[in-house]
Amino acid sequence: MQIKFVDLAAMNDEIRERVDRELAEIHKNTAYIGGPHVEAFEKEFAGFLGVRHVIGVGSGTDALRLALMALDVGAGDEVITTPMTFIATAASIIQTGAKPVFVDVDPETCNLSPQAVRRYLETHKNRNGKPHKQVILPVHLYGLPAAMPELNAIAQEFGALVVEEGCQAHGARIDTPDGWIRAGAMSSASAFSFYPGKNLGGWGEGGAVAVDNDELKARIASLRDHGRISHYAHQEIGYNARLDAIQSAVLRAKLEKLDEWNGRRRKLAKAYCKRLAGCGVKLPAEPAGYESVYHLFVIRTEKRDTLRQALLEKNIGCGIHYPLPLHLQPACRHLGYKSGDFPEAERIADTALSLPMHPALTSSDIDRVADVVRETMKKESGLFAGGHIANTAACEPPPTCGG
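Residues numbered from 1 in each chain as written. Predicted model: local features only at pLDDT ≥ 70, side-chain atom pairs only at ≥ 80, totals over all residues. Heavy atoms only, no water.

Novice: Before we go on, may I ask you to explain helix H6 (residues 148-158) in this structure?
Specialist: Turn by turn, an α-helix covers 3.6 residues, leaving residues three or four places apart pointing in a common direction. Taken residue by residue, H6 has Met148, Leu151, Ile154, Ala155 and Phe158 as its buried positions. For H6, the buried positions fall inside an angular range of 130 degrees around the axis, keeping them on one side. Where H6 is buried, its residues touch helix H5 (114-124), strand S4 (134-137), strand S5 (161-165), strand S6 (173-176) and strand S12 (290-291). After H6 finishes, the residue Gly159 shows a positive phi value of roughly 70 degrees. (Buried < 20%, exposed > 50% of the residue type's maximum accessible area, 1.4 Å probe, protein only. Helix = DSSP H or I, 4+ residues; strand = E, 2+ residues; numbered from the N terminus. Arc of directions from axis to C-beta. Contact = heavy atoms within 4.5 Å.)

Novice: Quick question: what am I supposed to make of the packing of helix H8 (residues 245-276) against helix H11 (residues 363-379) here?
Specialist: Describing two packed helices takes the angle between their axes plus the distance from one axis to the other. The geometry of H8 relative to H11 is characterised by a closest axis approach of 10 Å and an angle of 35 degrees between their N-to-C directions. For the element pair H8 and H11, the recorded crossing hand is right-handed. In this structure, H8 uses Leu268, Ala271, Tyr272, Arg275 and Leu276 to contact H11, whose residues at the interface are Ile366, Asp367, Val369, Ala370, Asp371, Val373 and Arg374. Class assignment for the residues of the contact of H8 with H11 results in eight nonpolar, no polar and four charged. (Axes fitted to C-alpha atoms, helices over the stretch in contact; angles between N-to-C directions. Left-handed = near helix turned anticlockwise from the far one by under 90°. Nonpolar A, V, L, I, M, F, W, Y, C, P; charged D, E, K, R; others polar.)

Novice: What's the story with the sheet that holds strand S7 (residues 179-182) in this structure? I'm lost.
Specialist: Strand pairing in a sheet takes place through backbone hydrogen bonds and is either antiparallel or parallel in direction. With antiparallel pairing, three strands are arranged side by side in an open sheet as S7-S6-S12. Only two strands of the sheet have a single partner each, and these edge strands are S7 and S12. In this structure, S6 lies alongside S12, joined through two bridges in antiparallel fashion. By the bridge assignment for S12, Arg173 is matched with Glu291. (Pairing = 2+ DSSP bridges.)

Novice: What should I look at first to understand the nonpolar core in this one?
Specialist: Among the nonpolar cores identified, the biggest contains 44 residues, and Met84, Tyr142 and Val209 are the most heavily contacted of them. For this core, the secondary-structure elements that each account for two or more residues are strand S1 (53-57), helix H3 (60-70), helix H4 (87-95), S4, strand S8 (189-193), strand S9 (207-211), helix H7 (214-223) and helix H10 (343-351). With seven residues, the single largest contributor to this core is H3. Contacts of Met84, omitting those with residues within four sequence positions, involve Val105, Cys110, Leu141, Tyr142, His321, Tyr322, Pro325, Ala345, Ile348 and Ala349. Of all hydrophobic cores here, the second largest spans 27 residues; its members include Tyr272, Leu276, Tyr294 and Val369. (Core = buried A, V, L, I, M, F, W, Y, C linked by side-chain atoms within 4.5 Å.)

Novice: What's the story with the pairing of S6 in this structure? I'm lost.
Specialist: Side-chain positions along a regular strand alternate between the two faces of the sheet. Of the two faces of S6, the one holding Ile174 and Thr176 is buried and the one holding Arg173 and Asp175 is not buried anywhere. Summarising the sheet, S6 and S7 pair through four bridges and their orientation is antiparallel. Across the sheet, residue Ile174 finds its bridge partner in S7, namely Ile181. Between S6 and the antiparallel strand that follows it, S7, lie two residues.

Quick look at the structure:
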């Protein structure tokens with residue numbers, strides 16, 4: 001029997017009745033673009049995140065590009081970000097005319113390293129031809145928030161902006177002196193994707209920008225609609241990047257379930273960590289005060305390809321996120337990076353394996369996956385931990401793995 005890597009059909013079954021009602025109303029009123037369903041979702045998602053405004057757009061790529069454009073990021077500016085993410089992060093930056101600047105990631109969390117960001121800014125703070133703007137763009141990878149308190153402090157020190165990419169982290173949180181704060185509510189603007197496989201995913205493409213600033217909200221709303229300021233007046237050249245009502249209806253129904261579904265993911269992650277402890281794979285880190293929503297459950301091993309084949313042979317879905325860091329992508333060749341520039345990101349790319357993770361998984365599914373992982377690793381000599389071959393004792397999970 002197959003264990004799916006993602007099971008969208010099972011999630012859809014939990015919301016089908018509400019979605020059917022909403023879709024019937026949309027079709028009756030033929031309000032497909034904009035309108036009350038989009039506005040209601042924007043308000044509800046803003047309340048969920050704890051921000052003043054959410055602007056629905058056509059995709060996560062649109063969200064990030066329009067957020068940067070609304071902050072007047074463009075030619076001559078630099079956006080400091082991680083090479084360990086999907087190509088859309090770099091593409092959105094390049095599409096504004098700005099330059100992506102990659103720095104390495106933290107080897108434990110896989111997220112943007114504050115120390116690497118600081119080193120770059122220190123090294124370049126006194127150079128000639130300093131860019132008009134510098135932006136720090138952390139990606140909350142795999143569902144774990146990036147080190148926002150540290151990154152925000154660095155940004156303030158060096159006069160940089162911060163824009164979050166929360167496409168994998170709907171509902172993730174950090175415990176701060178002001179209480180728990182959601183990923184996406186800790187910067188000038190944040191971008192979200194609602195691609196179907198996300199923790200909060202639609203039935204097609206969709207995205208959103210979250211902001212607190214009224215002027216930013218107005219400009220992003222204009223940019224998503226061809227720069228429109230009235231029915232036939234356009235202030236600037238924008239994009240056709242609107243969120244449609246059908247996606248909004250699906251997202252509203254799923255938003256009601258999101259905390260519950262994320263809670264299930266965290267329990268599944270905890271079960272994985274318990275079953276896989278000491279078996280020779282590196283488990284996901286979850287630092288104290290950070291709450292991952294486990295969009296992906298990513299283990300690491302130098303035997304990745306052998307383990308992946310063993311899982312597939314047992315009809316267990318799995319994936320690799322991501323096998324080629326951005327600085328080595330052909331589309332980013334013009335940026336001038338080479339193999340070896342970011343060793344931690346490259347090591348993760350060579351050793352990361354994503355196991356099945358979705359709210360419909362059962363305890364028996366976890367047991368079956370873990371049995372294959374443990375059996376396969378037992379057959380292999382040498383254990384991966386922290387980037388080198390180590391003893392089994394070194395491979396125990398972080399104490400907070402999976403909550």
